[in-house]
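Next come the chains, spelled out residue by residue.
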Amino acid sequence: MGIFPEIAIISNGFDHEAMELVEGSPQNSDALNIAFVGTLYDWHPWKRVLATLNQWKEMNPELAIFLSFYGTNRNEEIMNEVRATFPRLEGFVKVYAKVPNMDLLQQLASYNALLLFNYYAFMGTKIYDYLGLKRLILFCFTHDPEAEALKKRYYPLEVGTDFSETLQEDVLRETNAGIILKDADHLLETLTTLFEEHAATGAIKCDSIHVEQHARSFQTKKMADFLLNLKHTTHHTS
């Protein structure tokens, strides 16, 4: 009878040495600043987020929340959308070209919160850097009608019941690293709550826990331990 080895799933992670270099960096205390980093896919409801921020601005014309996009594949499209549809957001939505990772981390460390779109059955990679930065993560969305329509139209995977579509949500719940937003109305309420917190304290609190488990060094040790155990088990059963 053949022996089937165990299987281990080793996830990606953040560079703990890079994070140590930005640890303790102060958040921007002048205004509430939110950032998004990376690729925007067709199923990401980024226009929904802009519309919600625009709605918040309509409700609070004298107040300011800034939203920045770093290194996306749609920087020009974002600014065209702002100018054409949400002119009230001009000056409050900004785009930046890709920069080296260390420079990016130093810039992100100054932000008060970080925007993350639902990848469903994908984990993605940016969630790990977000965790390492220990900035509050705003996860959009779990049950937003427009986001669900985009998913139905553009999402590339048909997954069965054996596959989870809440990978990111699970990590955020385990680490207490962010706010899992149901829909645009939930985001609108949260923007007001965060603005009030920032106005009162000059920062946004992130009470994350156990994030060190998502460092690459931790995952590398996990893989090494698995291989050593596998070798030991195989040796004694051969």
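My aim in this report is to walk through the structure given alongside it, one point at a time. This structure is a prediction, so every number in the text was calculated from the model and none was measured.

Overview of the overall build of the protein chain
Summing up its helical and strand segments, the protein chain has nine helices and six strands in all. Here the contacts in the protein chain between residues at least 6 apart in sequence split such that 82% fall between residues at least 24 apart. For the protein chain, the accessible surface area stands at approximately 13200 Å², while carbon and sulfur atoms represent 53% of it.

Considerations on empty space enclosed by the protein
Scanning the model with the defined rule gives one cavity of 30 Å³ or more in all. For the largest cavity, the calculated volume is near 90 Å³. For the largest cavity, the full set of lining residues is Ile 34, Val 49, Leu 53, Ile 65, Phe 66, Leu 67, Leu 115, Leu 138, Cys 140, Leu 187 and Leu 191. Listed by contribution, the elements that provide at least two residues to the lining of the largest cavity are α2 (46–59), β2 (65–70), β5 (136–140) and α8 (184–201). With three residues, the single largest contributor to the lining of the largest cavity is β2. Across the lining of the largest cavity, the residue classes tally to eleven nonpolar, no polar and no charged.

Examining the nonpolar core
Formed by 59 residues in total, the largest nonpolar core has its most connected members in Leu 50, Leu 67, Val 93 and Leu 108. Residue contacts for Val 93: discarding those within four places in its chain leaves Leu 50, Leu 53, Leu 67, Phe 69, Ile 78, Met 79 and Val 82.

Observations concerning the sheet that holds strand β4 (residues 113–117)
The strand order across the open sheet formed by six strands is β3-β2-β1-β4-β5-β6, and the pairing between neighbours is parallel. Strand pairing shows two members of the sheet lacking a second neighbour, β3 (93–96) and β6 (178–181), which therefore form its edges. The average undirected angle you get between the axes of adjacent strands in this sheet is 25°. Note that β4 and β5 share five bridges and pair parallel. From the neighbouring strand, Leu 115 faces β5, where its bridge partner is Leu 138. Contacts between α2 and the sheet are confined to β2, β3, β4 and β5, with β2 contributing the most and set at about 160° to the helix. The strands touched by helix α5 (residues 126–133) within the sheet are β1 (32–37), β4 and β5, with β4 carrying the most contacts at an inclination of about 160°.

Points about helix α3 (residues 75–85)
Every buried residue belonging to α3 is among Asn 75, Ile 78, Met 79, Glu 81 and Val 82, and all of these are buried. Across the axial projection of α3, the buried residues extend over an arc of 155°, all falling on one side. What points out from α3, more than 90 degrees from its buried face, is the exposed set Glu 76 and Ala 84. Tucked inside the fold, the buried residues of α3 contact α2, β2 and β3.

Reading the values: rules and limits
Residues numbered from 1 in each chain as written. Predicted model: local features only at pLDDT ≥ 70, side-chain atom pairs only at ≥ 80, totals over all residues. Heavy atoms only, no water. Helix = DSSP H or I, 4+ residues; strand = E, 2+ residues; numbered from the N terminus. Contact = heavy atoms within 4.5 Å. Areas by Shrake-Rupley, 256 points an atom, 1.4 Å probe, with all protein chains shown as cover. 1 Å grid on protein atoms, 1.4 Å probe; cavity = no way out; pocket = protein on both sides within 12 Å on 5 of 7 lines; lining within 4 Å. Points joined across faces, edges and corners; volume = space filled by probe spheres on them. Nonpolar A, V, L, I, M, F, W, Y, C, P; charged D, E, K, R; others polar. Core = buried A, V, L, I, M, F, W, Y, C linked by side-chain atoms within 4.5 Å. Buried < 20%, exposed > 50% of the residue type's maximum accessible area, 1.4 Å probe, protein only. Pairing = 2+ DSSP bridges. Axes fitted to C-alpha atoms, helices over the stretch in contact; angles between N-to-C directions. Arc of directions from axis to C-beta.

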